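Below are the chains, spelled out letter by letter.
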Amino acid sequence: MKPSLEALARILKEAACAELLPRFARVERGFKADGSIVTEADTAMQARVLNALQEGWPEIPLLGEEMSTAEQQALLADSPEGLWLLDPLDGTSNFAAGIPYFCVSLALLRGGEVVLAIIYDPLRDECFSAESGNGARLNGEPLHVPPQLPPLERTMGLVDFKRLAPALAARLASAPPYASQRSFGSGALDWCMIATGRCHLYLHGGQKLWDYAAGQLILKEAGGHATTLEGEPVLMPALATRSVAAASSRDLYNRWSAWLSE
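Residues numbered from 1 in each chain as written. Predicted model: local features only at pLDDT ≥ 70, side-chain atom pairs only at ≥ 80, totals over all residues. Heavy atoms only, no water.

Visitor: In this structure, what is going on with the pattern of salt bridges? I would like to understand it.
Guide: Side chains bearing opposite charge may pair, as long as their charged atoms lie close to each other. Evaluation of the coordinates by the stated rule reveals nine salt bridges. Of the charged contacts, one joins Arg-255 and Glu-153 as a salt bridge, the two residues approaching to 3.5 Å between their closest N and O atoms. In this pair, Arg-255 is assigned in helix H8 (residues 250-261) and Glu-153 in the loop between strand E9 (141-143) and strand E10 (156-159), connecting sequence segments 102 residues apart. Note on Arg-255: relative accessible area 39%, which makes it partly exposed. (Salt bridge = Lys/Arg side-chain N within 4 Å of Asp/Glu carboxyl O. Helix = DSSP H or I, 4+ residues; strand = E, 2+ residues; numbered from the N terminus. Buried < 20%, exposed > 50% of the residue type's maximum accessible area, 1.4 Å probe, protein only.)

Visitor: I keep staring at the sheet that holds strand E14 (residues 242-247) and nothing clicks. Help me out?
Guide: Picture the strands of a sheet paired through backbone hydrogen bonds; they go either parallel or antiparallel. Spatially, E11-E10-E12-E14-E13 is the arrangement adopted by the five strands of the open sheet, whose pairing is mixed. Edge positions in the sheet fall to strand E11 (180-182) and strand E13 (225-227), since each of these pairs with one other strand and no more. Between one strand and the next, the sheet's axes are offset by a mean angle of 15°, whatever the strand orientation. With three bridges joining them, E13 and E14 adopt antiparallel strand pairing. From the neighbouring strand, His-225 faces E14, where its bridge partner is Ala-247. Contacting E10, strand E12 (201-207), E13 and E14, helix H6 (residues 187-196) runs over the sheet at an angle of about 160° to E12. (Pairing = 2+ DSSP bridges. Axes fitted to C-alpha atoms, helices over the stretch in contact; angles between N-to-C directions. Contact = heavy atoms within 4.5 Å.)

Visitor: Looking at this structure, how should I read the pairing of strand E6 (residues 113-121)?
Guide: The side chains of a regular strand alternate between both faces of the sheet. Of all the nine residues making up E6, seven are buried; the element is thus mostly covered by neighbouring parts of the structure. Pairing of strand E5 (residues 103-110) with E6, which is carried by seven bridges, proceeds in the antiparallel orientation. Its bridge partner being in E6, Leu-108 is matched across the sheet by Leu-116. Here E6 runs beside strand E7 (residues 126-131); their pairing, made up of six bridges, is antiparallel. Across the sheet, the residue bridging to Asp-121 is Glu-126, located in E7.

Visitor: Where do I start with the layout of surface pockets in this structure?
Guide: In this approach, a probe sized like a water molecule rolls over the atoms, and the result shows the empty space that is left. In this model, the second largest pocket occupies a volume close to 300 Å³. Along the wall of the second largest pocket there are 16 residues; nearest its centre are Gln-216, Lys-220, Pro-233, Val-234 and Leu-235. Listed by contribution, the elements that provide at least two residues to the lining of the second largest pocket are E6, helix H7 (209-222) and E13. Broken down by element, the lining of the second largest pocket gets its largest block of residues, four residues, from H7. Residue composition of the lining of the second largest pocket, grouped by class: eight nonpolar, six polar and two charged. (1 Å grid on protein atoms, 1.4 Å probe; cavity = no way out; pocket = protein on both sides within 12 Å on 5 of 7 lines; lining within 4 Å. Points joined across faces, edges and corners; volume = space filled by probe spheres on them. Nonpolar A, V, L, I, M, F, W, Y, C, P; charged D, E, K, R; others polar.)

This is the structure in structure tokens:
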């Protein structure tokens, strides 16, 4: 049976309601080898989603953030039927601290391309989804970037400063091309803010595959545009981090990219 966005949305919503919401701001945090935070909610969410996906589509394995690097690499190297890419809790630091900005992100990778994407924000009950070539949706309704966007100098930029090159970060701090700047702490959900036009520009120095896989398809299908800082496609089926420069429209992206390249 071919996976449907509706079925996947039900799985993520049920898992988030069972595993995330009861633990929000109430969990102990630990630390991974790379220094990033992990909680009981991350591992419980991954296990629950994995079980549900295996019941529905046992032929498709899952690559989750909470797996070892060796396991992840083996899955990327040999998954002929496709591969689920799961971030069970993106924005773990926010979640553990009680900051209401986190999500679960799921993408289906086939033939080196993401064909299905779901990002669910359980606090706002907003489910962003996309199917390659068939558009993006928000809670089942068509999602398009707003037809009228502000000029570059009046935009709101989502910028993760800590992963940028120092020279670029300093330039953005001293002479930004946008009107205001935010950094919310969930890379996957950030993509959705650009797709809705709530924010207009995005810049991130290094996201993992499970951080950007779903979001980049949702933004593309909603009418936005993204590349790496080097102008390459963001999606690469590999574990290496990828930079992101994105905007809610191609025209706005062109102006943003030109400023970044100066």
